[in-house]
Each structure stands twice: as structure tokens, then as C-alpha cells.
Amino acid sequence: MTEQTRLTLTPEPLTATAFAPYGTVIATRDRDFFMINNGSTQRFHRLAEVMLGKPDDRGIISIFRAQGLAMPLRVKLLERHPFGSQAFIPLKQNPFLIIVAEPGEVPEPANIRAFITDGSQGINYHPGVWHHPVLSCVPEDDFLVVDREGEGNNCDEYFFAEDTEIVLENSP
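Residues numbered from 1 in each chain as written. Predicted model: local features only at pLDDT ≥ 70, side-chain atom pairs only at ≥ 80, totals over all residues. Heavy atoms only, no water.

K.L.:
Could you give an account of unusual backbone geometry, with specific residues and numbers?
P.N.:
A cis amide bond links Met71 with the next residue in sequence, Pro72, at an omega value of -5 degrees. Examined against the element boundaries, Pro72 turns out to sit in the loop between strand S6 (58-67) and strand S7 (73-75). One non-glycine residue with positive phi stands out, namely Asn37, at about 55 degrees. Positive phi is not limited to glycine here, since Gln93 has a value of about 65 degrees. (Helix = DSSP H or I, 4+ residues; strand = E, 2+ residues; numbered from the N terminus.)

Written out as C-alpha cells, the structure reads:
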């Protein structure tokens, strides 16, 4: 008989320091900039890096339209992208939820964390970071997504055993 694992995740506010093991927070608050376009535009330069793992890889830009899921949510799977980073930038300024675990062969339930953005923040997952597919806090939301296109499977999925219960509580 296997021992049942139960984990309840409570989203914490997204900060650059707390999210650093998993990727980069994309935000302009408290970030340096320089002026361009004859002084009419602030450029917040290099807020995140597109990471590509193979010489023929390409960075691509897509829009994902996400549907909100019922809360509390039972987390059944996490995914990772071993050959490149993946960025999510909210287009409608709505907060969204993030579930992550550090890179490894499989995600360790005890090390899973949940975050919530403030609506002005995007995120860029480092290659290999385990994460839940995008989690909208509203019925439907749009995200600008920057990630990798190229040869090879760049999406590994890990499904938790039925006796592992990971639940994401309602957002604060």
C-alpha cells in the first residue's frame, strides 16, 4: 500500500526574489530604463531572455487564450520545456496564477509553490522548470507567449499518481 500525499497550495504574491529559482518576473516597476524615440518612449531593456537550446531553434511569439478553471483546483499534472524558456505576458492586465517546481527528473510535490501576479507582471520560465499550464483568474484571458520552436519534443508532462492530492486554493 502506498502512502497518500496531500498538499494544499496557497498562492503567494509574485516577487522577483521568490520566483528566481523558476525564472524571471517581467515587470517595469522599480526597473531601470532609458529614453528612446527622441525622448518620447521609456525602454525597459532586456527584462527577460529568450533561451533556446539548439542551434536551429527559433524564438516565436504566440497568443494563448486561456479559460478560467474552477477553484479549488486539483493539480493533476505539471509540464516542462527542456529546450527553451517560455514567457507569459498578460494582455488584459488581469492577475493570473502560477504553479511551479524546480527542474529535476520529476516534480517533487513537497517543493511545489504557487504564486499570483498583480496583473502587470509577466513571467519567463527557465528551461526545464516544472509548471502548470497557464491559469487564468477570469473566465477568459489572453497572454502573449514567447517560446521556442524547433526539432525535438520540447514539452514533457508529468501526471501525479492518484494517491497524490495537490490542491490549489482559491486565489487570495
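On we go from here.
K.L.:
For the pairing of strand S11 (residues 113-116), give the residues involved together with the corresponding values.
P.N.:
In terms of strand pairing, strand S2 (residues 12-13) meets S11 through two bridges, oriented parallel. Its bridge partner lying in S11, Glu12 is registered against Phe115. When strand S10 (residues 96-101) meets S11, the two strands line up antiparallel, connected through four bridges. Of the residues in S11, the one forming a bridge with Ile98 is Phe115. (Pairing = 2+ DSSP bridges.)

K.L.:
Break down the environment of Trp130 for me, citing the residues and quoting the values.
P.N.:
Secondary-structure assignment places Trp130 in strand S13 (residues 130-131). As for Trp130 and Val106, which are separated by 24 residues in sequence, their C-alpha atoms are 8.2 Å apart. Within the local environment of Trp130, its side chain forms a polar contact with the backbone oxygen of Gly104, the two atoms lying 3.1 Å apart. (Polar contact = N/O pair within 3.5 Å; in protein donor to acceptor, adjacent residues only side chain to side chain.)

K.L.:
Which residues make up the environment of Glu169, and what values do they have?
P.N.:
Considering the arrangement of structural elements, one finds Glu169 in the segment after strand S17 (164-168). Counting along the chain gives 118 residues from Glu169 to Met51, while the straight-line C-alpha distance between them is 32 Å. Those residues in contact with Glu169 that lie beyond four places of it in its chain are Thr8, Leu9, Thr10, Pro11, Met71 and Pro72. Within polar-contact distance, the side chain of Glu169 engages the side chain of Thr10 at 2.7 Å. (Contact = heavy atoms within 4.5 Å.)

K.L.:
Mind laying out the side chain of His81, listing which residues take part and the relevant values?
P.N.:
Structurally, the position occupied by His81 is in the loop between strand S8 (77-80) and strand S9 (86-90). Looking at His81, the relative accessible area reads 10%, which means it is buried. Within polar-contact distance, the side chain of His81 engages the side chain of Glu79 at 3.4 Å. At 2.7 Å, the side chain of His81 and the backbone oxygen of Asn154 are in polar contact. If sequence neighbours within four positions are ignored, His81 has contacts with Gln86, Pro127, Gly128, His131, Asn154 and Cys155. (Buried < 20%, exposed > 50% of the residue type's maximum accessible area, 1.4 Å probe, protein only.)

K.L.:
Any chance you could break down the nonpolar core for me, citing the residues and the numbers?
P.N.:
Counting 17 residues, the largest nonpolar core has Phe19, Ile98, Val100, Phe115, Ile123 and Tyr125 as its most contacted members. Secondary structure elements with two or more residues in this core: helix H1 (16-19), S10, strand S12 (122-125) and strand S15 (140-149). Element by element, the count of residues in this core is highest for S10, at three residues. Setting aside residues no more than four positions away along its own chain, Val100 makes contact with Phe19, Tyr22, Asn111, Ile112, Arg113, Phe115, Tyr125, Val129, Trp130 and His131. Counting 16 residues, the second-largest nonpolar core is a separate cluster that includes Ala114, Trp130, Leu135 and Leu168. (Core = buried A, V, L, I, M, F, W, Y, C linked by side-chain atoms within 4.5 Å.)

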